[in-house]
Amino acid sequence: MADAVETQAIVEPLLKNIQEMLNEEKWTRAALSNYSTGQFKELDLLLKDAKKRKVYNDLKKLCDEHLVHTKNSIIALYLSGMIALSRQLIDDAVLVNLVTIFVDNHKWGIVRYLCEGILEHGESKFALRTLAECYKNENEEEPIVGIWERLVKADYEEADIAKSLAEHFEKAKDTETAVDYYKKALHRYINKGLFTNVREIWSKLIEYCPEDIDFFLHVEKRIAKNINSEKAVVLLEDVFNSCRKRGEIDISINILKLILQYDERDSSARKEITECYRIKYENHSQLEEYIRISNLTQNWRNVREAITDFEKHIAFDKGSYVFHRTWGVGRISAIQGDEIVVDFAKKRSHSMALKMAVNALQTLSKNHIWVLKATQKKEKLYERVKNDHAWALKIVIRSFGNSCDLKRIKAELVPSVLSAGEWTAWGNRARDILKADPGFGVSQTNIDLFTVRDRPISIEEKLYNEFKAEKNFFDRIAIIRNFESQKEAELDSEFFSEMFAYFSGYLRSFNQVNEQIVSAYLLIKEMAGRHPNLEKNLVTDFNSIFNNIEDVPSLFLGLKDTRLKEDFLLQTRLNITGWQDIYVRLFPYALLPSIIISLEKEGCEDKLTAMIRDCFENYRDNREAVVWFLKNEKNSPRFLNAGISEEKKIITLIYILDISFRDIDNHRDTTENRKINKQAYTLLFKDGYLESFIRSADQDTILRIYTLVEDVKDLDPGDKLKLRGIIQERNPEIKFAGGTEKKVSRGLIVTAAKYEEKQRQLAHIMEVEVPANSKEIAYALSLGDLRENAEYKAAKEKQEILNSTVAKLKEEIERAQLFDPSTVNIERVSFGTRAILVNQNTGEETEYIVLGPWESDPENHIISYLSPFGSAILNKKEGEEFESSFDKTRDAVKVRYIIKAITAVSQ
């Protein structure tokens, strides 16, 4: 109590002193000319003291109340504004008002002090802009550049200062930095639609970085979209003139094609592209003839069709490589008028009409992968491909129009160059190179297609291209996060701006809240926490969004990103009344320990216990939650307090196992059901939960549980047999009617040796027989008329047999369950045992080995446990008698046997 009085005695004089200062300022109406930076330094000491005394709230309240009546109080404005700034409050109107007062009165020393104080708490566009003006009025040119640089980073819309910075560095002969700022200014002028400014900077960039064609083409697309296509053509013409002067004919042709896409009637561009073709193919023997044939110079013909026609023809010249789908790779040995002569490996000096050749042959570059495989020694090509991944990737990608996915790359290299086994390591290394090497990029239309870059690509542009190509919303979130994390990435770049605008656009107009709206809000909130200048894009709040969610659990499931789910939970806890009940509703879908922890801290043990009971009562809708609780909470006090019996836990798991099997068979949420099925199976059988329960349960309960297990038709018969054995070991008096399943839809017990043999058989068919059959079909097709083509029919019949064999092998291998010899039980006849039977009719002894269908060899007395006789002797003990018949007719004679001995089969 004494301490409280002492604290109060210290605090009150501080606030009283400030109150007196405010009153004195009001009564004396101190002139602005009387203020100096020294007085603000004294106010800073008061702020420091107030923070130490923990009276910030009282001080701000005092100043805010004073400002209601005295809105231009310098002391109140400063103290209130600086306290708000220290708390990172968005509204900086108070300090803006204060600084403006001194700017209007040209008190530049104070303005400078105030702005520098504001900037100590983070970047402020207002403070930076005002500080630059202050330096200008004090004739301090040097610091202005640094302030401008900070302002351009803080204000993504500022274009004029970005241009001024570019001019400054241009004057200082720092061309690289000047170009960076010119590019920033250019993109910002495009956003403002100021084409005159764009054109001026465009000319500068053509002068300083004419080789950066990718940049110019990217900007050209933005100009066409943000301003109009006519302006885009004007800029492309500037780039074309620059390339033409430098002799870059290929680039000039590509730019002219773009111009003609915008306006196919542009006669000037058509004339220019014809001249460029003449320069590029000046040594081609048929140049003028192909120009004539394609009507390239005739305005009456569609220019795009003419270009396509010309480029098809011009590829045909002596020495060029071509490909025919039957004869493979060939080389043009001569062109004689309207005919060409091609040397194919299996068809030398083949003559065909040029018109037919244009349609039937595909022209190839000398570095096309097909040409290399046809002309180089296999050993030489193998060594180059194996040891130089980047070279091989560039060869294959460029072979197919500079756009290729990994599937196509593999098809070109395996098995013709690399073996299937070698591809695994080679392919993994190739993926790393395609991802990290700046010489490779991705298509902007398909994330799976890779391209080769003539100019190394920056990490910013690479990620931007991936973002544009990616169609999945949540994968785009991963890309922009990756972009933000890059040290060299600039968040004021046009790449980041476009990506960020994609998400902020979701918040600007929406009628119904879905997972994209929520995710966009959470992502922007997350990034604004690290970059306050992005906070202006939060045009709504979490409460407004949450209150418009129709089905919270379904939406939560739709958030395909763990970090977003955690952020959703955090925002719910911080902003939504009754969040505890929402957490309880969400847990069966989320299964996040953080939910349990938050509810624990809030003292919601009763809610948690009730939630556990509800999950078990409604296990069909809460399968994953039931499994989660049994794996993670089985011994926790709240789980024990739920009062769920061991029998109910076991029965619920068996039901979940059965339901998930059924859903898998019906192709319903297959991936999720496989996961749940595996977890339930592991708990019941692998972790010994079911066995432990059976060994301690009474007979009625055991029979009830076994009946449920027996009804799970897709459960591996081996597990059912093992469970029978455990039950009969403890309860010998229990007898099971009938044998094991005659027909099994899932699960097939096999030995390791047979499993490996089947895998080798499948691999041989897929890697040897199928490719050979494909070649047989291709050869048969080349022979012509399929109606009388015996070779084709034979090859297709073989293909059907191979496909059927492959399908059967794959299905059997998928069902296979490897037998563990260490688990063999010789107390009863089971898989992996040898049984000696005595025929009581004749006294004859016969030895049988019980294995599976794959190992079955009846002539050598190796029988399948799934066969009728195998089912009859299964689970029989030594000395036990039984009757059986190999003939299933009504009049069949039954033979009585006795089990004489049971031993394990050596594996």
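Residues numbered from 1 in each chain as written. Predicted model: local features only at pLDDT ≥ 70, side-chain atom pairs only at ≥ 80, totals over all residues. Heavy atoms only, no water.

## Let's talk about the side chain of H313
In step 1: The residue H313 is located in helix α17 (residues 303–314) in this model.
In step 2: Judged by its relative accessible area of 9%, H313 falls in the buried class.
In step 3: Polar side-chain contacts of H313 include one of 2.9 Å to the backbone oxygen of D309. (Helix = DSSP H or I, 4+ residues; strand = E, 2+ residues; numbered from the N terminus. Buried < 20%, exposed > 50% of the residue type's maximum accessible area, 1.4 Å probe, protein only. Polar contact = N/O pair within 3.5 Å; in protein donor to acceptor, adjacent residues only side chain to side chain.)

## A short note on the pattern of salt bridges
In step 1: A complete count under the given rule lists 49 salt bridges for this structure.
In step 2: Of the charged contacts in the structure, one is a salt bridge between E646 and K649, with a shortest N-O distance of 2.8 Å. Here E646 pairs with K649, and both are found in helix α36 (residues 646–665), just three residues apart, close to one helical turn.
In step 3: For K649, a relative accessible area of 3% puts it in the buried group.
In step 4: Through salt bridges with shared partners, a single network forms among R481, E484, E526, R530, D561 and R563. (Salt bridge = Lys/Arg side-chain N within 4 Å of Asp/Glu carboxyl O.)

## Some details on the sheet that holds strand β12 (residues 862–864)
Two pairing modes exist for strands in a sheet, parallel and antiparallel, and in both the strands are linked by backbone hydrogen bonds.
In step 1: In space, the five strands of this open sheet follow the order β12-β11-β10-β14-β13, with mixed pairing throughout. Every other strand in the sheet has two partners, leaving β12 and β13 (881–884) as the edge strands with one partner each. Ignoring strand direction, the axes of neighbouring strands in this sheet form an average angle of 40 degrees.
In step 2: As defined by bridge partners, β13 adjoins strand β14 (residues 895–904) across four bridges and the pair is classed as antiparallel. The residue bridging F882 from the neighbouring strand is Y897, located in β14. (Pairing = 2+ DSSP bridges. Axes fitted to C-alpha atoms, helices over the stretch in contact; angles between N-to-C directions.)

## What to know about the packing of helix α11 (residues 195–208) against helix α13 (residues 229–246)
Angle between the axes and distance between the axes: these two values describe a pair of packed helices.
In step 1: For the pair α11 and α13, the least separation of the axes is 11 Å and the interaxial angle reads 15 degrees. On the basis of the axis angle, α11 is roughly parallel to α13. In this structure, α11 crosses over α13, and the sense of that crossing is right-handed. For the pair formed by α11 and α13, the contact residues are F195, V198, R199, W202 and I206 on the first element and K231, V234, L235, D238, V239 and S242 on the second.
In step 2: Residue composition of the contact of α11 with α13, grouped by class: seven nonpolar, one polar and three charged. (Parallel < 35°, antiparallel > 145°, perpendicular 65-115°, else oblique. Left-handed = near helix turned anticlockwise from the far one by under 90°. Contact = heavy atoms within 4.5 Å. Nonpolar A, V, L, I, M, F, W, Y, C, P; charged D, E, K, R; others polar.)

## Notes on the nonpolar core
In step 1: In terms of nonpolar packing, the biggest core is built from 114 residues, with F316 and I340 touching the most fellow members.
In step 2: Per-element accounting of this core gives the leading share, nine residues, to helix α4 (residues 74–86).
In step 3: Once you skip the residues sitting within four places of it in the chain, I340 turns out to touch F316, I332, A334, I335, H350, S351, M352, L354, A357 and L361.
In step 4: Counting 99 residues, the second largest nonpolar core, distinct from the first, contains F500, M527, F546 and Y583. (Core = buried A, V, L, I, M, F, W, Y, C linked by side-chain atoms within 4.5 Å.)

## Some thoughts on helix α37 (residues 670–686)
In step 1: The first and last C-alpha atoms of α37 sit 22 Å apart over 17 residues, in line with the 24 Å expected at 1.5 Å per residue.
In step 2: Of all the positions in α37, only N673, I676, N677, A680, Y681, L683, L684 and F685 are classed as buried. Down the axis of α37, the sector holding all buried residues measures 165 degrees, keeping them to one side. Exposed and oriented more than 90 degrees from the buried face of α37 are T671, K678 and K686. (Expected span 1.5 Å × (residues − 1). Arc of directions from axis to C-beta.)

## A short note on the packing of aromatic side chains
In step 1: Enumeration over the complete set of coordinates arrives at 42 aromatic pairs.
In step 2: On the basis of an interplanar angle of 25 degrees and a centroid distance of 5.6 Å, the ring pair of F496 and F500 is categorised as stacked. Of this pair, F496 and F500 both sit in helix α26 (residues 494–508), four residues apart, which is roughly one turn of the helix.
In step 3: On the accessibility criterion, F496 (1% relative accessible area) is buried. (Phe/Tyr/Trp six-rings, centres within 6.5 Å; stacked < 30°, edge-to-face > 60°.)

## Topic: the environment of Y681
In step 1: Topologically, Y681 is positioned in helix α37.
In step 2: C-alpha separation for the pair Y681 and I656, spaced 25 residues apart in sequence, amounts to 9.4 Å.
In step 3: If near-sequence neighbours (up to four positions away) are discounted, Y681 is found in contact with L657, K686, L715 and D719.

## Details of the sheet that holds strand β2 (residues 328–336)
In step 1: On the basis of which strands lie adjacent, the open sheet formed by five strands has the order β4-β3-β2-β1-β5 and antiparallel pairing. Each edge of the open sheet carries a strand with a single partner, namely β4 (350–353) and β5 (362–364). Direction aside, the axes of adjacent strands within the sheet are offset by 40 degrees on average.
In step 2: Relative to β2, strand β1 (residues 321–324) is paired through four bridges, and the arrangement is antiparallel. Bridge assignment links F323 to a residue of β2, and that residue is V329.

## Considerations on helix α21 (residues 389–399)
In step 1: Of all eleven residues in α21, nine are buried, a share of seventy percent or more.
In step 2: Among the residues of α21, H389, A390, W391, A392, L393, I395, V396, I397 and S399 are the ones counted as buried.
In step 3: Looking at the buried positions of α21, the neighbouring elements they touch are α19 (369–375), α20 (378–387), α22 (406–413), α23 (420–436), β6 (440–442) and β7 (450–452).
In step 4: Where α21 terminates, the next one or two residues include G401, which has phi positive at roughly 70 degrees.

## Details of a negative patch on the surface
In step 1: On the surface, a cluster of negative charge is made up of E230, D263, E264 and E305.
In step 2: Here E230 shows up in helix α13.
In step 3: On the basis of relative accessibility, which here comes to 55%, the residue E230 falls in the exposed class. (Patch = residues over 30% accessible without salt bridge, like charges linked within 9 Å, V, L, I, M, F, W, Y side chains within 5 Å. Areas by Shrake-Rupley, 256 points an atom, 1.4 Å probe, with all protein chains shown as cover. Lys, Arg positive; Asp, Glu negative; His and termini not counted. Charge placed at Lys NZ, Arg CZ, Asp CG, Glu CD.)

## Observations concerning the pairing of strand β11 (residues 845–851)
In step 1: Of all seven residues in β11, five are buried, a share of seventy percent or more.
In step 2: The hairpin turn running from strand β10 (residues 833–839) into β11, its antiparallel successor, is five residues long, and G843 in that turn takes a positive phi close to 80 degrees.
In step 3: Relative to β12, β11 is paired through three bridges, and the arrangement is parallel. Bridge assignment links L851 to a residue of β12, and that residue is S864.

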